[in-house]
Amino acid sequence: MKYAKDTRPEGASTEAAKILVEALPWIKNITGKTVVIKYGGSAMVDEKLRADVMSDIVLLKIVGVNPVIVHGGGKAITRAMDLMEIPVEFKDGQRVTTPEAMNLVRTVLMGEVNQELVEALNHHGNFAVGVSGADGGVIVAERASPDLGRVGRITRINRPLLDDLVASDYIPVIASVAIGEDGGFYNVNADMVAGHIAAAIGAHKAVFLTDVDGLYENFEDKSSLISNLTVFEARYMVENNVVSTGMIPKLKSCIHALENGVQRAHIINGTTPHSLLLEMLTSTGVGTTMHSTEEAYRFDSHPLGKFASKLLENREEVEAAQKASIQSPSAH
C-alpha cells in the first residue's frame, strides 16, 4: 500500500490542470487544422532534442492537429561529403550540387535523416510515413542556376499524396528532394519547400524550427527580438536587407505561404524545450509570429474538434455548477 503524500507532489495536479485550462482556447483554435513544421538546426542533430520535438509533434497529433513535417539535412550532407572526399562549395549561401553530390544528397536525406525522424515518431505508434519530394511528384523543380548544378527552384507542388496521407491520419515526413522538369533530381531549400507545401495544401500555420529565438530587427541587439509582424513588414525587411542572410529563405517562405492563404507563420527556437507547444498552445508564445494582415493579429476561433469540444463542455459544466452553487446556496 502507498500513501498519496508519498507519491503525489503537493500542488502538482492543480498546476497540471491550470496548464490544460490555459491551453484549451488554443487547442480549440488548432484542432482539425493542418500545420506544416519545417524541422532543422540543432534540434535535428541532437538525439535528445530530436526525441523531445517528435514527442511534442505526436502530442499535437493526439489533440487533433494534422502535422506535416518538412526537413533538410545540411550538416549530415556536409559530413557525408567530407567522408566521401567530395568538395563542399557554397555560392550565395546555397550548396553547389554536382550530379555526384546529388546522389549523395538523396542517400543522406531520404535514407538517413528521413528514416531517423520516422523512427523517432513511430516510437510512439505508427504515425509517420517517410516521403521524398520526388515520390508521386510531390515537389517539382527546375534548375535554379547553372552555377549551382542540381539545385532546384520549386515550380509546383502536387498535393494528392499528401492529402491522402493526412486524411488517413498519418504524419508525412518530407525530405527536400524534388523531381525535375527534366526528369532528374534536384536539391531544394527545405525552408522554401515548407512554405510552398503549406500554401499548396491549405495549411492553417507554418512553423519553422531553427537555432535562434526568432526574428531580430538587429541580430546583435537581443532586445530587438520581434514577437509579431505582418507580411508587409516582413517583405520590407527582406527587400531592404534588414535581416541576416540565413533568415532570408525562412522569411521568403513565410511570405509565400501567407500570400497564398496560410493564416500564420512562426519562427521559433527548436532547442528550447517544448517550444513548439509553447508557441502554439499558450497566450504568450516564444518566437516570432507573422500574420497575413493586421486583422490577423486578432485571436480567431474555429469549430471545435471532438477532443477539444469535450474538454470545453466539461469545463463549462463545472463553471455553471459553481455559479449555481454561489447564487443559490443551500438552506441550513
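For the structure itself, consult the block above.
Residues take numbers from 1 onward in each chain, read along the sequence in its written order. Per-residue local features of the predicted model are confined to residues with pLDDT of at least 70, and side-chain atom pairs are confined, for both listing and counting, to 80 or more; whole-chain, interface and lining totals are unaffected and use all residues. Remark: hydrogens and water are excluded; side-chain values derive from all non-hydrogen atoms of the structure.

Engineer: Could you clarify how one ought to interpret the sheet that holds strand β7 (residues 152-157) in this entry?
Structural biologist: Backbone hydrogen bonds hold the strands of a sheet together, and the pairing may be parallel or antiparallel. Strand order in the open sheet formed by four strands is β7-β6-β9-β10, with mixed pairing between adjacent strands. Of all strands in the sheet, those bounded by a partner on one side alone are β7 and β10 (185-187). Ignoring which end each strand starts from, the neighbouring axes of this sheet average 50° apart. Strands qualify as paired when DSSP identifies two bridges or more between them. Note on conventions: DSSP H or I runs of at least 4 residues are helices, E runs of at least 2 residues are strands, and numbering of each starts at the N terminus. Looking at chain direction, strand β6 (residues 139-143) and strand β9 (residues 177-180) are connected through two bridges and run parallel. Among the inter-strand pairings, Val140 is bridged to a residue of β9, identified as Ile179. Strands β6 and β7 of the sheet are contacted by helix α8 (residues 190-200), whose axis makes an angle of about 10° with β7. Convention adopted: a line fitted to C-alpha atoms gives each axis, helices being fitted over their contacting stretch, and angles between N-to-C directions are expressed from 0 to 180 degrees. Note on contacts: a residue pair is in contact if any heavy atoms of the two residues lie within 4.5 Å.

Engineer: How do you make sense of the nonpolar core when you look at a structure like this?
Structural biologist: What makes a nonpolar core is a set of buried Ala, Val, Leu, Ile, Met, Phe, Trp, Tyr and Cys residues whose side-chain atoms join them at distances within 4.5 Å. Only protein chains enter the calculation, and the probe is 1.4 Å; a residue is then buried if its accessible area is under 20% of its type maximum, exposed if over 50%, and partly exposed in between. Judged by nonpolar contacts, the single largest core of 45 residues is most densely connected at Tyr39, Met54, Ile57, Leu121 and Leu276. With 11 residues, helix α6 (residues 99-122) is the largest single contributor of residues to this core. Beyond its immediate chain neighbours, meaning those up to four positions away, Ile57 contacts Ile37, Pro67, Ile69, Leu121, Ile171 and Leu276. Ile139, Leu165, Phe208 and Leu258 belong to the second largest nonpolar core, which has 44 residues in total.

Engineer: For this particular structure, what's the right way to read the pairing of strand β8 (residues 171-175)?
Structural biologist: Working note: regular strand, side chains alternate between the two faces of the sheet. Among the five residues in β8, five count as buried, and that is most of the element. Where burial is concerned, the two faces of β8 agree: the one with Ile171, Val173 and Ala175 and the one with Pro172 and Ile174 are both buried. Pairing of strand β2 (residues 66-71) with β8, which is carried by three bridges, proceeds in the parallel orientation. What sits directly across from Ile69, in β8, is Val173. The pairing of strand β5 (residues 128-132) with β8 spans five bridges and is parallel. Each bridged residue has a counterpart across the sheet, and for Ser132 the counterpart in β8 is Ala175.

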